[in-house]
Amino acid sequence: MLLSVKDLKVVFRTRRGPVEAVRGIDLHVEAGETLGIVGESGSGKSVTSYALLRILDAGGSIRAGDIVYGGIDLRHAPERQMADIRGREISMIFQNPRSALNPIRKVGHQIEDVLRRHNRATRGTARAKAIEAMEAVKIRDAAKRYDAYPFELSGGMCQRIVIALALACDPRLLIADEPTTGLDITTQKAVMDLVSQLIRERGMSAIVITHDLGLAAQYCDRIAVMKDGEVVETGRSVDVFTAPRHAYTRRLVDATPRDGASIRSLLPAEVRTPELTHTPSPEPLLRVQDLVKTFEGKSGPVHAVKGVSFTVHDGETVGLVGESGCGKSTTSSMVVRLLDPTSGHIMFAGEDLAKTPAKAFARDPRRASIQMVFQDATDSLNPRHSAERSIEEPLRRLAKLSSRARIDRVRELADLVGLPRHLLDRFPHQLSGGQKARVGIARAIAVNPRFLILDEPTAALDVSIQAVVLNLLADLRAKLGMSYLFVSHDLHVVRLLCDRVVVMRDGEVVEAGTAEEVMEHPSHPYTAELIAAAPRPPVRHQAA
Amino acid sequence: MSDATAPAPARQSTLGHIGYVLRDNPVTLVAFLMFALLIVLAFFGPMLAPYDPLASNASRALEPPSWDHWFGTDNLGRDILSRVIVATRLDLTISVAAVALSFIAGSVLGAVAGYWGGWVDAGLSRCLDTIMAFPLFVLAMGIVAAMGNTVENIVYATAIINLPFYARLVRAEVNIRRNAGFALAAKLSGNSDARVLALHIFPNALPPMMVQVSLNLGWAILNAAGLSFIGLGVRPPTAEWGIMVAEGANFIVSGEWWVALFPGMALVLAVFTFNLLGDGLRDMVDPRRRT
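Residues numbered from 1 in each chain as written. Chains lettered and ligands numbered in written order. Predicted model: local features only at pLDDT ≥ 70, side-chain atom pairs only at ≥ 80, totals over all residues. Heavy atoms only, no water.

1. Considerations on the overall build of chain B
Note the cut-off: Numbering goes from the N terminus for both helices and strands, where a helix is a DSSP run of H or I of at least four residues and a strand is a run of E of at least two. Residue burial is assigned from relative accessible area. The probe radius is 1.4 Å, only protein chains are included, and a residue is buried under 20% of its type maximum, exposed over 50%, and partly exposed in between. Residue contacts are counted whenever heavy atoms from the two residues lie within 4.5 Å of one another. Per-residue and other accessible areas were derived by the Shrake-Rupley procedure at a 1.4 Å probe size, with only the shown protein chains allowed to occlude residues. Counting rule applied: Lys, Arg positive; Asp, Glu negative; His and chain ends not counted. The atom standing in for a charge is NZ when the residue is Lys, CZ when it is Arg, CG when it is Asp and CD when it is Glu.
In terms of regular secondary structure, chain B is built from eleven helices and zero strands. When the elements of chain B are put in sequence order from the N terminus, they spell out α-α-α-α-α-α-α-α-α-α-α. In terms of its C-alpha atoms, chain B occupies a principal-axis envelope of roughly 80 × 50 × 30 Å. Across the 291 residues that make up chain B, the buried fraction comes to 50%. Contacts spanning at least 24 positions in sequence make up 70% of the contacts within chain B whose residues lie at least 6 apart. Approximately 13,300 Å² of chain B is accessible, and the part contributed by carbon and sulfur atoms is 71%. Charged side chains in chain B number 18 positive and 19 negative. The centres of these two groups are separated by 12 Å.

Next comes the structure, spelled out in structure tokens:
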């Protein structure tokens, strides 16, 4: 056994007294094995990995338990010995590759630093060995990229550098903490394939920490599911996914979007209600024609959107899908009238919205009919405003209501989106991710818009909350008869909610059609690539 | 994490939060006590002073500290304790007025530059850079000398030399928030650009501004005292810490140390108080510090 953790307890000191982040967990990793630790935010999975390397934040401490790595007691090892172990024996890939790299140091030098710290290279050989390490993670033109700064590289390339750093000293155990969060789906696949290939080639052990059960099932031998600081279930990946024993695991498996799932089947069985039907009418509500946006960059014009056209019918949900930089966010900003297009038309209910400049649109009578739910619920709420004040804001400006009527409407909206009323006077930092998402949705529907743009509304949420929010959006659509433009990079999620899908790449529409058609028979190779890159969890045996 | 978390205790009141900040940090508590003392002296100074600060008594000139005159007397036989107490009002008024002026003007200019950017930003930033390129104290001297030797002009001069710090701070804070989700959401709620800036973005810049305000109050007092020390600004016989130090400096050589020491200590104490106050003030205006 390479690593064994027994009864580990980690405690954080906070303003409200000590908080147990990890409450007595047992884990073990065999040589050559990949263990996945899966859990939602706050489950203690990252804290566990930090405790292994004794790099807990200030205020955190290991209260009890044993951590034994290859015969060494990591909990009581002197700091000098730990410094040698970190990087050489156990190394770590961090969540955000950009913040894990020093922004003002060439990436090649950063790899050299690690090599020389652990006496793997001398001044003379460092450069060659660093380039070798970069080639090992399949960086083309490694000698040229050696001199690059992190900001000059893409997110996927940065993550490769981080992996090269982690593997430079041939560690025996690799800890990857959410290694692909924030990367595009095709990059995610490339990075995970690379990591698992390197692990196999070098006979290393690994711990992969992720919130994505599908990803863990695909790349790990065994999975430990964590909830509230405890391991609720461990087992072989296939078993955990196909025959989950613990109720929480079952809920996670259910909530993971997968082939053939309906939107209701993501919810736990006991709270499933019949799905409400919505009927799109053949009347077009929004018609976008030849929309172009060109930004004036320092090195010439940047063509973000190059002539995009699509239609959304009344009551219909259209998915706008693509990877980062494809122009989907620019397009949605133009449609919601936060940005002026360079050319093109945005026909909404028969009128061209593009004729009114974005600056003047705030006072336009049509402002209330197009609203938006933002990607990051935390960022989209004013940190100084309570939930009530945030939901009330559009009512103050766009609806002629007395203050009494406004308060009633805010309460009504809170009920509609399932936000408990006693949370209304909380500030955003006092709300959970799911609650903030509900506040954002309540604000967007406050003035009864006909058309709602959903900009990756679930990207920052845990899967179980994503399931709840997607169902909420589906219900609201049926109850209020709204049309949605659902902007997302995740085809599995888009398919659940959308009637039709528009796939964008490099500022152009490459494919459009009904959700079914695009998912089952993609006509463009890029669409096929996107579908193939999504992790494919093993299918669960339906219990009789 | 489950969506329906256990209900947390009810939201803290503003007073409760201030109480928490004070209890949590003893340094802040001490700073606020000292600040309260300064305020009391500023309002009730003339009533509390044991003697008339301007009444001279040639027979008791340059007496060392005693039970009659705790801080001693100066060369005209005036009670130094009374003069130190009475000077509090003038010094605080100058610094508060100057900081308020530069806070308001700097916030408006910085917010406009940070939000709209472009040539407004470029022009304004270069003007501020020009101000900062001068040695600031010399600039203040120049302004007071050119405009005339009055208390108002000290206030204006102090405000002008502090203005760039506020404008730059607000500009940076506004700039990083102008495309934040909540600012865009406010536009979708029908707010014009000016409203978004004034009601949604600017209040979020307040916490770091509070630190700057409190540090600046200290600098402003030093600056006013410095101007008076070199003979610009407040004129004798008005009681003012800077002039008192300047007058007392002549007597240090001959052994009458108390004439300069006590007004100097008052200055040190005031500046010290404002420097300590900053972090506490920031915590009080930041709702995120509440739980």
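2. A word on the interface of chain B and chain A
Rules: Accessible area that two parts lose when put together, evaluated with a 1.4 Å probe and summed over both, is termed the buried area. Between Lys or Arg on one side and Asp or Glu on the other, a salt bridge is scored when a side-chain nitrogen of the former is within 4 Å of a carboxyl oxygen of the latter. In protein, a polar contact requires one atom able to donate a hydrogen and another able to accept it; more generally it is a pair of N or O atoms within 3.5 Å, and residues adjacent in sequence count only if both atoms are side-chain atoms. In the scheme used here, Gly and all other residues not listed as nonpolar or charged are polar, with Ala, Val, Leu, Ile, Met, Phe, Trp, Tyr, Cys and Pro taken as nonpolar and Asp, Glu, Lys and Arg as charged.
Contact with chain B, which involves 37 residues of that partner, is made by 39 residues of chain A. Contact between chain B and chain A buries roughly 3,400 Å² in total, counting both sides, with carbon and sulfur atoms accounting for 50%. Applying the counting criterion to the chain B and chain A interface returns one salt bridge. The salt bridge partner of Asp193 of chain B is Lys359 of chain A, with a shortest N-O separation of 3.9 Å. Along the contact surface separating chain B from chain A lie eight residue pairs in polar contact (both at pLDDT 80 or more). Of all elements in the fold, only helix 1 (14-24), helix 7 (181-188), helix 8 (193-201) and helix 9 (206-229) of chain B reach the threshold of two or more residues within the side of chain B that touches chain A. The biggest single contributor to the side of chain B that touches chain A is helix 7 of chain B, with six residues. Residue composition of the side of chain B that touches chain A, grouped by class: 18 nonpolar, eleven polar and eight charged.

3. What about the UniProt feature "transmembrane region" (unreviewed entry) in chain B?
All names here are of chain B. Going by this rule: UniProt positions are given in the numbering used here, feature names are shortened, and annotations may be inferred rather than shown by experiment.
Look at the UniProt record and you will see "transmembrane region" (unreviewed entry) annotated at residues 27-49, 92-116, 128-148, 217-237 and 257-278. Helix makes up 62% of residues 217-237 and strand 0%. Its end C-alpha atoms lie 24 Å apart. Secondary structure content for residues 257-278 is 95% helix and 0% strand, and the end C-alpha separation is 32 Å.

4. Describing the packing of aromatic side chains
The following threshold applies: Aromatic pairing here means that ring centres of Phe, Tyr or Trp (its six-membered ring) are within 6.5 Å. Orientation follows from the plane angle: under 30 degrees is stacked, over 60 is edge-to-face, and everything else is tilted. A ring is scored as having a charge over it whenever the NZ atom of a lysine or the CZ atom of an arginine sits within 6 Å of its centre and within 35 degrees of its normal.
A full pass over the atoms with the stated rule returns ten aromatic pairs over all chains. Centre to centre, the rings of Tyr149 of chain A and Phe151 of chain A are 6.2 Å apart; their planes meet at 15°, and the pair counts as stacked. According to the relative accessible area criterion, Tyr149 of chain A is partly exposed, its value standing at 28%. Each ring, one from Phe43 of chain B and one from Phe44 of chain B, has its centre 6.4 Å from the other, and the planes form 45°; the classification is tilted. In this structure Phe44 of chain B comes out as partly exposed when scored by relative accessible area, which is 43%. One aromatic cluster is present, formed by Phe71, Trp257, Trp258 and Phe262 of chain B through successive ring pairs. Directly above the ring of Tyr146 of chain A sits Arg127 of chain A, whose terminal nitrogen or CZ lies 4.2 Å from the centroid.

5. Details of the packing of helix 3 (residues 80-116) of chain B against helix 6 (residues 151-177) of chain B
Residues and elements named next belong to chain B. Here is the rule we go by: Each axis is a line fitted through C-alpha atoms, and for a helix only the stretch in contact is used; angles between axes span 0 to 180 degrees, taken between their N-to-C directions. In this scheme the handedness of a crossing depends on how the near helix is turned from the far one: anticlockwise by less than a right angle means left-handed, clockwise means right-handed.
It is at 5 Å that the axes of helix 3 and helix 6 come closest, and there the two elements cross at 35°. Relative to helix 6, the crossing made by helix 3 is right-handed. Broken down by class, the residue content of the contact of helix 3 with helix 6 amounts to 22 nonpolar, eight polar and one charged.

6. Here's the deal with the pattern of salt bridges
This structure, assessed with the given rule, holds 38 salt bridges over all chains. Here Arg245 of chain A ties to Glu233 of chain A by a salt bridge, and the two come within 3.6 Å at their closest N and O atoms. On the criterion of sequence distance, the pair formed by Arg245 of chain A in the loop between helix 10 (237-242) and helix 11 (247-255) and Glu233 of chain A in strand 10 (residues 230-236) is long-range, its members being twelve residues apart. When its relative accessible area of 4% is taken as the criterion, Glu233 of chain A is described as buried. Taking the shortest distance from any N to any O, the salt bridge between Glu316 of chain A and Arg500 of chain A comes out at 2.8 Å. Of the two residues, Glu316 of chain A is situated in the loop between strand 12 (300-313) and strand 13 (317-321) and Arg500 of chain A in strand 19 (residues 500-505); the sequence distance between them amounts to 184 residues. Relative accessible area serves as the criterion here: at 6%, Glu316 of chain A is assigned to the buried category. Within this structure, Asp74, Arg78, Arg83 and Glu247 of chain B form a network of salt bridges that share partners.

7. Remarks on helix 8 of chain B
Two residues of an α-helix separated by three or four positions point the same way, owing to the 3.6 residues in each turn. Cut-off, in case you're wondering: What the arc covers is the set of directions going from the helix axis to the C-beta atoms.
Considered for burial, the residues of helix 8 of chain B that qualify are Asp193, Val196, Leu197, His200 and Ile201 of chain B. All buried residues of helix 8 of chain B project into a common sector of 115° when viewed along the axis, lining one side. Next to the buried residues of helix 8 of chain B lie helix 13 (358-361) and helix 14 (387-398) of chain A together with helix 3, helix 6 and helix 7 of chain B.

8. Overview of the pairing of strand 3 (residues 34-38) of chain A
All names here are of chain A. The following threshold applies: Two strands make a pair as long as DSSP finds a minimum of two bridges between them.
Burial within strand 3 is extensive, with five of its five residues counted as buried. Burial along strand 3 is two-sided: Thr34, Gly36 and Val38 facing one way and Leu35 and Ile37 facing the other are all buried. Sheet topology note: the strand 3/strand 8 (residues 205-210) ladder contains five bridges and is parallel. Across the sheet, Ile37 pairs through a bridge with Ile209, a residue of strand 8. Note: strand 3 against strand 9 (residues 222-227), four bridges, orientation parallel. When the sheet's bridge partners are listed, Leu35 is paired in strand 9 with Arg222.

9. What to know about helix 14 of chain A
Listing the buried residues of helix 14 of chain A in full gives Ala387, Ser390, Ile391, Glu392, Glu393, Pro394 and Leu395 of chain A. Against the buried residues of helix 14 of chain A lie helix 15 (403-416) and helix 16 (433-445) of chain A together with helix 8 of chain B.

10. Observations regarding the sheet that holds strand 4 (residues 60-69) of chain A
Residues and elements named next belong to chain A. Spatial strand order, 2-1-4-5: four strands in an open sheet with antiparallel pairing. Each end of this open sheet is capped by a strand with a single partner; those strands are strand 2 (17-29) and strand 5 (72-73). In the sheet, strand 4 pairs with strand 5 via two bridges, with the strands oriented antiparallel. Within the sheet, the bridge partner assigned to Tyr69 lies in strand 5 and is Ile72. The strands touched by helix 1 (residues 45-53) are strand 1 (3-14), strand 2 and strand 4; relative to strand 1, the strand with the most contacts, the crossing angle is about 110°.

11. A few points about the environment of Asp455 of chain A
Residues and elements named next belong to chain A. With respect to the helices and strands, Asp455 occurs in strand 17 (residues 451-455). In this structure Asp455 comes out as buried when scored by relative accessible area, which is 9%. With near-sequence residues (within four places) excluded, Asp455 lies in contact with Ser329, Met372, Val373, Phe374, Gln375 and Val487.

12. Focus on the sheet that holds strand 19 of chain A
All names here are of chain A. Spatially, the six strands line up as an open sheet ordered 16-17-18-13-19-20, and their pairing is mixed. On the outer flanks of this sheet lie strand 16 (370-373) and strand 20 (508-514), each paired with one strand and no other. When strand polarity is set aside, the average angle formed by the axes of neighbouring strands in this sheet is 20°. Looking at chain direction, strand 13 and strand 18 (residues 483-488) are connected through five bridges and run parallel. In the strand pairing of strand 18, Val321 is matched with Ser488. Along the sheet, helix 20 (residues 525-533) makes contact with strand 13, strand 19 and strand 20, crossing strand 19 at roughly 105°.

13. Examining the environment of Leu497 of chain A
All names here are of chain A. Relative to the helices and strands, Leu497 resides in helix 18 (residues 491-497). Assessed through its relative accessible area of 2%, Leu497 is described here as buried. Remark: the alpha-carbon pair of Leu497 and Glu393, spanning 104 residues in sequence, is separated by 28 Å. For Leu497, the contacting residues outside a window of four places in its chain are Ile263, Thr317, Leu454, Leu470, Leu473, Ala474, Arg477 and Phe486.

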